Each structure stands twice: as structure tokens, then as C-alpha cells.
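Here is how the chains run, residue by residue.
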Amino acid sequence: MSTAPPSSVTTPDLGAIRSFAEFYPVYLGEHANRTCRRLHFLGSTLALVCLAMLLWTGRPQYLLYGLLCGYGCAWIGHFVFEKNKPASFKRPLYSFMGDWVMYKDIWTGRIRF
């Protein structure tokens, strides 16, 4: 069984996108799988906990832990469930921004958890 997308489906060139407003709908399209979104949400929440621990303890290893939690959960979601490459490989800043906007959109109910 082929895992390639149908020929009628095209993946936008992330390098051609010039604004976050253009990027975010594409970003959401790459997070159609509910488990992937949930893993992003979990990773972002754990990253915030690590940030709080960094501020509370002053121990810099919590920065590393936060990055590992956030990106680790997100990348598992993409490679295992969404079956695509994370946008952070091509557009790291927009992808980082998109993750936090999606996190807010999940909290506010705009995106289904």
C-alpha cells in the first residue's frame, strides 16, 4: 500500500511563504491528526512547566528539559501519527509561533482537542 499523497494534493513550498498569516493555515493542515495535536499540546504544557521550574530554581537544565519535552512530543506526533516532517525543519520561527497559537486555539476551543 502506498503512503504517498494523491497527485491532486500538493504540499505548499514553505520557503515561499512570506508571512505568518500565510503560514498558519498550512501549519494547521499539517496537524490534522488529533493525536499529533494532543502530543503538541502535551509537549507545550510540559515546556511551560519546565520554564516555571527554571524560573523557580534558577537551574539552567530546565531549559534543556523544556526543549526536549516540547520538540520530542511534537516530533513523535509528526513522525508516528501525522506521518509528515515537522515544519520546524524548514520554518523554525513560524513553526514555533504556530505551535503557541495552536496551543491557545486548543485552550479556547477554536481547534478540537
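These figures come from a predicted structure and were not determined experimentally.

A. Quick look at the pattern of salt bridges. For the structure shown, the criterion picks out 2 salt bridges. With its nearest N and O atoms 2.8 Å apart, the salt bridge here joins Lys 104 to Asp 105. When its relative accessible area of 45% is taken as the criterion, Lys 104 is described as partly exposed. A residue is classified by how much of its surface remains accessible, and Asp 105, at 1% relative accessible area, is buried. The closest approach of N and O atoms between Arg 110 and Asp 105, which form a salt bridge, is 2.7 Å. Judged by relative accessible area, which is 58%, Arg 110 ranks as exposed. One salt-bridge network, held together by shared partners, links Lys 104, Asp 105 and Arg 110.

B. Quick peek at a nonpolar patch on the surface. A grouping of Leu 63, Leu 67, Tyr 71, Trp 75, Ile 76, Phe 79, Val 80, Phe 81, Phe 89 and Phe 96 is seen on the molecular surface, where their side chains present a nonpolar patch of about 950 Å² in accessible area. A per-element tally of the nonpolar patch places helix H3 (residues 61-82) first, with 8 residues. Relative to the helices and strands, Phe 79 resides in helix H3. Judged by relative accessible area, Phe 79 falls into the partly exposed class, the value being 45%.

C. The nonpolar core, seen in detail. By size, the foremost hydrophobic cluster in this structure holds 14 residues, and its most contacted members are Leu 14, Ile 17, Phe 23, Tyr 24, Tyr 27 and Met 102. Listing elements by their share of this core, those giving two or more residues are helix H1 (20-29) and helix H4 (92-107). Setting aside residues no more than four positions away along its own chain, Leu 14 makes contact with Phe 23, Val 26, Glu 30, Ala 87, Lys 90 and Arg 91.

D. Local environment of H4. Spanning 16 residues, H4 covers 23 Å between terminal C-alpha atoms, matching the ideal 22 Å at 1.5 Å per step. Tyr 94, Ser 95, Gly 98, Asp 99, Met 102, Tyr 103, Asp 105 and Ile 106 are the residues of H4 that are buried. Its buried side turned inward, H4 meets H1 and helix H2 (34-57). Looking at the residues trailing H4, positive phi occurs at Gly 109, about 85 degrees.

E. Seen up close, the packing of aromatic side chains. In total, this model carries 16 aromatic pairs according to the counting rule given. Judged by centre distance (6.2 Å) and plane angle (35 degrees), the ring pair of Phe 20 and Phe 23 falls under tilted. You can see Phe 20 and its partner Phe 23 sitting in helix H1, 3 residues apart, about one turn around the helix. Neither residue differs from the other here; Phe 20 and Phe 23 are each classed as buried. When the ring of Trp 75 is compared with that of Phe 89, the centres are 5.3 Å apart and the planes differ by 70 degrees; the resulting orientation is edge-to-face. Of this pair, Trp 75 sits in helix H3 while Phe 89 sits in the loop between H3 and H4, and the two are 14 residues apart along the sequence.

F. Representation of the packing of H2 against H3. Packing of H2 against H3 leaves a shortest axis separation of 7 Å and a crossing angle of 175 degrees. The angle between H2 and H3 places the two elements in the roughly antiparallel class. Of the residues in the contact of H2 with H3, the class split is 16 nonpolar, 8 polar and 1 charged.

Conventions we followed
- Residues numbered from 1 in each chain as written.
- Predicted model: local features only at pLDDT ≥ 70, side-chain atom pairs only at ≥ 80, totals over all residues.
- Heavy atoms only, no water.
- Salt bridge = Lys/Arg side-chain N within 4 Å of Asp/Glu carboxyl O.
- Buried < 20%, exposed > 50% of the residue type's maximum accessible area, 1.4 Å probe, protein only.
- Patch = residues over 30% accessible without salt bridge, like charges linked within 9 Å, V, L, I, M, F, W, Y side chains within 5 Å.
- Areas by Shrake-Rupley, 256 points an atom, 1.4 Å probe, with all protein chains shown as cover.
- Helix = DSSP H or I, 4+ residues; strand = E, 2+ residues; numbered from the N terminus.
- Core = buried A, V, L, I, M, F, W, Y, C linked by side-chain atoms within 4.5 Å.
- Contact = heavy atoms within 4.5 Å.
- Expected span 1.5 Å × (residues − 1).
- Phe/Tyr/Trp six-rings, centres within 6.5 Å; stacked < 30°, edge-to-face > 60°.
- Axes fitted to C-alpha atoms, helices over the stretch in contact; angles between N-to-C directions.
- Parallel < 35°, antiparallel > 145°, perpendicular 65-115°, else oblique.
- Nonpolar A, V, L, I, M, F, W, Y, C, P; charged D, E, K, R; others polar.

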